[in-house]
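# Chain and residue survey
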Amino acid sequence: AMLLILVYGGLCYIGSTAIMKYDGNTIQQTELLICIVKDLMGKKGEWLLGVIVLFACMTTTVGLSGTIANYFAIISRGKISYKLALSLIIIVSAFLSILGTSTIIQYAVPILSIMYPLTITMTVLTIFNRKINNNIVYKIGAVVALIMGILEAVKVPFLSVLPFQNLDLGWICPVTICCLASFIFSKNKYTKEENVLPREKVSQDK
C-alpha cells in the first residue's frame, strides 16, 4: 500500500508541476506522461515506461476481467458461462481502448463521481466493522454517499458552500455527520443480526 501511495503520489506531483511546461489545453494525459518521461530519461525512458505500463495494466486487466466474469457467472446461475462472460468483457474492453484515454476519462468521470463517495464510505465503515452494531449505519452511510455523489456529478451549485468542496470532497462532512448520528442513536439497540437482542441482554440471559 505504501509503495502504491509513493508511485501514484509521485505521478500526481510530477503531473501537477510539469504541466507548467506544457499546454494543458492541447496535450492529453498519456501524451503528457510520455513527454515528461522523455524529458527526464530520454528515449530509453520511453521504452521503460512502455514496459512498466504493459505489466501494470496486464495484472489489473487479468484480475478485473476474471473477477467480473466470475460475478456474472454466479448471479446468472450458470446461464452465462465464465468463458463467455470473460470473452465478452475482453471484446468490449478492446473496443473501448480504441477510443483513447481522454475519451474514456470523459465518459468515466460522471460515473466515478457518483460511485467513489459510496465506495470510500463503505470501505471506511468496514474498517470499523467491530464497533458498528447496527446495519442502519451502513445503509444510511451508503444512501447519503450515493446522493452526494449524484449531486456532485450533476454539479449542483449549493455544494460550493460545503467544506473541502474545492478539492471535490464536499461529500465527506455530510456523510460523516449522518454516519456518526446513526451510530450514536443505534448504538445500544440491536446488533447487526436482525431481531437479535443487544449484547448486554444476551450476556444477562447467559
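Coordinates for the structure precede this section.
None of these values were measured; they are calculated from a predicted model.

### Section: the packing of aromatic side chains
- Evaluation of the coordinates by the stated rule reveals two aromatic pairs.
- On the numbers, 5.7 Å between centres and 65 degrees between planes, the contact of Tyr-71 with Phe-72 is edge-to-face.
- Judged by relative accessible area, which is 37%, Phe-72 ranks as partly exposed.
- Here the aromatic rings of Tyr-116 and Trp-171 are separated by 6.0 Å at their centres, their planes lie at 80 degrees, and the arrangement is edge-to-face. Here the residue Tyr-116 occupies a position in helix α4 (residues 101–127), and Trp-171 occupies one in the loop between α5 (135–153) and α6 (172–186), the gap between them amounting to 55 residues.
- Looking at Tyr-116, the relative accessible area reads 26%, which means it is partly exposed.

### Focus: the packing of α4 against α5
- As a packed pair, α4 and α5 sit with axes 8 Å apart at the nearest point and diverge in direction by 155 degrees. The angle between α4 and α5 falls in the class roughly antiparallel. Taken as a pair, α4 and α5 cross one another with a handedness that is right-handed. Residues Pro-110, Ser-113, Ile-114, Pro-117, Leu-118, Thr-121, Met-122, Leu-125 and Thr-126 of α4 pack against Val-137, Tyr-138, Gly-141, Ala-142, Ala-145, Leu-146, Gly-149, Ile-150, Glu-152 and Ala-153 of α5.
- Of the residues belonging to the contact of α4 with α5, the class tally is 13 nonpolar, five polar and one charged.

### Quick word on a nonpolar patch on the surface
- A cluster of nonpolar side chains, contributed by Tyr-13, Ile-14, Leu-40, Met-41, Leu-48 and Ile-52, occupies part of the molecular surface with about 630 Å² of accessible area.
- For the nonpolar patch, the elements supplying multiple residues, two or more each, are α1 (2–18) and α2 (29–75).
- Counting residues per element, the nonpolar patch draws most heavily on α2, which supplies four residues.
- For Ile-52, the location among the structural elements is in helix α2.

Rules behind the numbers
Residues numbered from 1 in each chain as written. Predicted model: local features only at pLDDT ≥ 70, side-chain atom pairs only at ≥ 80, totals over all residues. Heavy atoms only, no water. Phe/Tyr/Trp six-rings, centres within 6.5 Å; stacked < 30°, edge-to-face > 60°. Buried < 20%, exposed > 50% of the residue type's maximum accessible area, 1.4 Å probe, protein only. Helix = DSSP H or I, 4+ residues; strand = E, 2+ residues; numbered from the N terminus. Axes fitted to C-alpha atoms, helices over the stretch in contact; angles between N-to-C directions. Parallel < 35°, antiparallel > 145°, perpendicular 65-115°, else oblique. Left-handed = near helix turned anticlockwise from the far one by under 90°. Contact = heavy atoms within 4.5 Å. Nonpolar A, V, L, I, M, F, W, Y, C, P; charged D, E, K, R; others polar. Patch = residues over 30% accessible without salt bridge, like charges linked within 9 Å, V, L, I, M, F, W, Y side chains within 5 Å. Areas by Shrake-Rupley, 256 points an atom, 1.4 Å probe, with all protein chains shown as cover. Salt bridge = Lys/Arg side-chain N within 4 Å of Asp/Glu carboxyl O.

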